[in-house]
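Architecture and fold: a report
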Amino acid sequence: MIRQKLIVLEESGIIDTEIHNYVLAVCDYLKEKQVIKEELEADVFLTHLAMAAARQKNEEKVNALDPFIKDQIISDPQYLDSQSLWQELSEMAAIDFDEPELDYFYLHICNMLNEG
């Protein structure tokens, strides 16, 4: 499903080929590291990642998470693992992400880890 979404996003000019390939590489890495078994398990995270990368390239900002939600993420048992996994994934990226984007990534990664 994510592969079809990426094609539509690229054909629509929302993301470029570099972002498309980055998100596919992240998807493959998550499967290789056995974080997910099926691509569908990471669909929300990968879609957000593609859109966040496009925002960064266009120098668009995302609103910060509500402090209550951010506190919930930080207190999640998977939070440290989500930071560690993001560190690995960010090394694959050709762009840097703003702090508010990272908070959303941690939210999605925590959810993915908790469901896995």
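This is a predicted model, so every value here is computed, not measured.

**Quick look at the overall build of the chain**
Helix and strand counts for the chain stand at six helices and zero strands. In summary, the chain has a C-alpha radius of gyration of 14 Å against a globular reference of 13 Å for 116 residues, a match within 12%. Expressed as lengths along the three principal axes of its C-alpha atoms, the size of the chain is roughly 40 × 30 × 20 Å. Expressed as a percentage of its 116 residues, the buried residues of the chain come to 44%. Contacts in the chain between residues at least 24 apart in sequence constitute 75% of all its contacts with a sequence separation of at least 6. Accessible surface for the chain amounts to roughly 6,700 Å². Of this, 50% is attributable to carbon and sulfur atoms. Counting 9 positive and 24 negative side-chain charges, the chain places the centres of these two groups 3 Å from one another.

**Focus on the pattern of salt bridges**
Taken as a whole and judged by the stated rule, the model has nine salt bridges. A salt bridge links Lys-5 to Asp-43; its shortest N-O distance comes to 2.5 Å. Note that Lys-5 is positioned in helix H1 (residues 2-11) and Asp-43 in helix H3 (residues 43-57), a separation of 38 residues in sequence. Here Asp-43 falls in the buried class, since its relative accessible area comes to 7%. Note that Lys-70 is salt-bridged to Asp-103, the shortest N-O span being 3.2 Å. Of this pair, Lys-70 sits in helix H4 (residues 67-75) while Asp-103 sits in helix H6 (residues 99-115); the two residues are 33 residues apart in sequence, bridging distant segments of the chain. Among the residues examined, Lys-70 registers a relative accessible area of 28% and is labelled partly exposed. Judged by its relative accessible area of 7%, Asp-103 is buried.

**Looking at the packing of helix H2 (residues 17-32) against H3**
Orientation of H2 relative to H3, taken along the N-to-C sense of each, is 145°, at an axis distance of 10 Å. Considering only the axes of H2 and H3, their crossing is right-handed. Taking contact as the criterion, the partners of Glu-18, Ile-19, Tyr-22, Val-23, Val-26, Cys-27 and Leu-30 in H2 are, on H3, Phe-45, Leu-46, Leu-49, Ala-50, Ala-53, Ala-54 and Lys-57. Class assignment of the residues belonging to the contact of H2 with H3 gives a composition of twelve nonpolar, no polar and two charged.

**Side note on H1**
Every buried residue belonging to H1 is among Ile-2, Leu-6 and Leu-9, and all of these are buried. All buried residues of H1 lie within an arc of 65° about the axis, which places them on one face of the element. Those residues of H1 that are buried are in contact with H2 and H3. Count one or two residues on from H1 and you reach Gly-13, which has phi positive near 80°.

Conventions used here
- Residues numbered from 1 in each chain as written.
- Predicted model: local features only at pLDDT ≥ 70, side-chain atom pairs only at ≥ 80, totals over all residues.
- Heavy atoms only, no water.
- Helix = DSSP H or I, 4+ residues; strand = E, 2+ residues; numbered from the N terminus.
- Rg over C-alpha atoms; globule rule 2.2 N^0.38 Å.
- Buried < 20%, exposed > 50% of the residue type's maximum accessible area, 1.4 Å probe, protein only.
- Contact = heavy atoms within 4.5 Å.
- Areas by Shrake-Rupley, 256 points an atom, 1.4 Å probe, with all protein chains shown as cover.
- Lys, Arg positive; Asp, Glu negative; His and termini not counted.
- Charge placed at Lys NZ, Arg CZ, Asp CG, Glu CD.
- Salt bridge = Lys/Arg side-chain N within 4 Å of Asp/Glu carboxyl O.
- Axes fitted to C-alpha atoms, helices over the stretch in contact; angles between N-to-C directions.
- Left-handed = near helix turned anticlockwise from the far one by under 90°.
- Nonpolar A, V, L, I, M, F, W, Y, C, P; charged D, E, K, R; others polar.
- Arc of directions from axis to C-beta.

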